[in-house]
Structures are given as structure tokens and as C-alpha cells.
Amino acid sequence: MGGKKEKRQALLKQLISETPFIKDKDIAKKLNVSIQTIRLDRLELSIPGLRDRIKDIANHNLKEEIRSLPIEEVIGEIIDLELEKSAVSILEIEEKEHVFSRNQIVRGHYLFAQANSLAIAVINDELALTSKANIHFLKQVKQNEMIIAKAKVKGTDLGKRRTTVEVESFVRDEIVFSCEFEIYRSNLIGLKGEDRKVTSLI
């Protein structure tokens, strides 16, 4: 019996190590045990719950200060940030107001808000504003799913003071939303050499 438990706990540790944002219910399905068993295993192994794991990763990775907006105004939890280059955030769809009551499909403005706030957060500027957005909703997202948004800075038009940021959002490994944002910036601080390239935003 002990051997079976040890094997299960070893698999649990491996799963969380490989996919730190996996939920207890998904681990329970993979290991064919109850959610309560997984929670007890985590307790024994001193592995924090999902929310605490997200916060731990965020605190570890957010070494640079977000200048464009207060962290509490970011929709979702930012878990990685490299100003003027890339950023990643996570949004758990748990609340009823996130979804339409008749079908539990996520309201589109939450997907947009997560992506938009991430695109602004990656800009090293105290005044960064969205001037244009080219949106694509690719797949429905349901309640209790987790959205991982990934932002990448594509380039800056120095004359127009606008930076292009591409954001793609995923549920597990499947893309569900994408958007190319034009972000107006009040200054060009933080752009070095190779980053100060003029790109067409038309």
C-alpha cells in the first residue's frame, strides 16, 4: 500500500514540475484518484495549491517593475515579464460573471481585457495607451478553464510613437484568441539599439 502511495506522490510531483499550473482535478483524473487524495498528497509533500504556486512564480519572475499600469489593474496574474520584449499572464475562469449563464462560455471582453492589459504592461512607459487592436476569437472558452496569454513586442514606429505587441491566448496547448495591438507611448525610454527599429503598423 505504501509503495502505491509513494509511486502516486512521485507522479504528482513530476506532473506539477512539468506543468505547474495544472489543477488538482486534472491531476486526480490523470492519476485516477479523488481530488481529496491529491490535496492530501500535496499537503504531505508541502506542495502549495494552484493559486499559491502562481503567486510564487509571479513573485520570482517579476524582477522588473511594471511602469505602464498598477499591477492590480492587470487582468490575470503576470507570471513572466521582460519589458519591451515579452510577458505571460494567467487567468482562471471561475466566477459566474466571467461566463454567459445559458452555456458557460466565457464573455469575450475578458479574453480581450487579459490580452490588452498584458500588451500595455510589457511597455516600459508610464503612459501607454491602446490605439488599435486587430482581434481574432478562435475558439470558445468554458468556465473552469485557464487562459494563458503570451505577449511579444514586434517593433516600434519611432515617428508615430507606437509599438506593435502581438498577444496569443491558449487553453492548455490550443490557441483560443489572438490580437495585434498598437500601443501609443509617451516616450521611447527603454528602447536600445536593435529594439529601436521602425516597423510598418499599417
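For the structure itself, look to the data block above.
Since we're looking at a predicted model, the values are computed, not measured.

S.K.: Looking at this structure, how should I read the layout of surface pockets?
M.R.: Vacant regions in the atomic arrangement are exposed by a probe of water-molecule size rolled over the atoms. Of the volumes computed, that of the largest pocket is approximately 540 Å³. If you trace the largest pocket, you find 20 residues lining it, with Thr19, Phe21, Ile22, Ile148 and Arg172 closest to the centre. Broken down by secondary-structure element, the contributors of at least two residues to the lining of the largest pocket are helix H1 (2–18), helix H2 (24–31), strand S4 (146–157) and strand S5 (162–171). Considering only residue class, the lining of the largest pocket consists of eight nonpolar, three polar and nine charged.

S.K.: Before we go on, may I ask you to explain the nonpolar core in this structure?
M.R.: One broad rule of soluble globular proteins: the nonpolar side chains tend to lie buried together. Ranked by internal contacts, the top residues of the largest apolar core, which has 32 residues, are Val122, Val141, Val165, Val167, Phe181 and Ile183. Of all the secondary-structure elements, those providing two or more residues to this core are strand S1 (77–82), strand S2 (86–92), helix H5 (108–121), S4, S5 and strand S6 (174–185). In terms of residue count, the dominant contributor to this core is H5 (seven residues). The contacts of Phe181, once residues within four sequence positions are left out, are Phe112, Ala115, Asn116, Ala119, Thr130, Lys132, Ala133, Thr163, Thr164, Val165 and Val167. Core analysis: the second largest hydrophobic core is formed by nine residues, Ile16, Ile22, Ile27 and Ile47 among them.

S.K.: How should I be thinking about the sheet that holds S2 in this particular structure?
M.R.: The strands making up a sheet associate through hydrogen bonds between their backbones, and the pairing can be parallel or antiparallel. Strand order in this open sheet of six strands is S1-S2-S4-S5-S6-S3, and the pairing throughout is antiparallel. Unpaired on one side and paired on the other, S1 and strand S3 (128–137) mark the two borders of the sheet. Averaged over neighbouring strand pairs, the angle between their axes works out to 20° when direction is ignored. Of the pairings in the sheet, the one linking S2 to S4 comprises seven bridges and is antiparallel in character. Within S4, the residue paired with Ser86 across the bridge is Lys152. Sheet strands in contact with H5 are S1, S2, S3, S4, S5 and S6, and its direction is about 45° off that of S6.

S.K.: Whenever I open this one, the packing of H2 against helix H3 (residues 35–45) confuses me. Can you help?
M.R.: Two elements in contact, H2 and H3, have axes separated by 8 Å at closest approach and are oriented at 105°. With respect to H3, the element H2 is oriented roughly perpendicular. For the pair formed by H2 and H3, the contact residues are Asp24, Lys25, Ile27, Ala28 and Leu31 on the first element and Ile35, Ile38, Arg39 and Arg42 on the second. Of the residues contributing to the contact of H2 with H3, the split by class is five nonpolar, no polar and four charged.

Criteria and thresholds
- Residues numbered from 1 in each chain as written.
- Predicted model: local features only at pLDDT ≥ 70, side-chain atom pairs only at ≥ 80, totals over all residues.
- Heavy atoms only, no water.
- 1 Å grid on protein atoms, 1.4 Å probe; cavity = no way out; pocket = protein on both sides within 12 Å on 5 of 7 lines; lining within 4 Å.
- Points joined across faces, edges and corners; volume = space filled by probe spheres on them.
- Helix = DSSP H or I, 4+ residues; strand = E, 2+ residues; numbered from the N terminus.
- Nonpolar A, V, L, I, M, F, W, Y, C, P; charged D, E, K, R; others polar.
- Core = buried A, V, L, I, M, F, W, Y, C linked by side-chain atoms within 4.5 Å.
- Buried < 20%, exposed > 50% of the residue type's maximum accessible area, 1.4 Å probe, protein only.
- Contact = heavy atoms within 4.5 Å.
- Pairing = 2+ DSSP bridges.
- Axes fitted to C-alpha atoms, helices over the stretch in contact; angles between N-to-C directions.
- Parallel < 35°, antiparallel > 145°, perpendicular 65-115°, else oblique.

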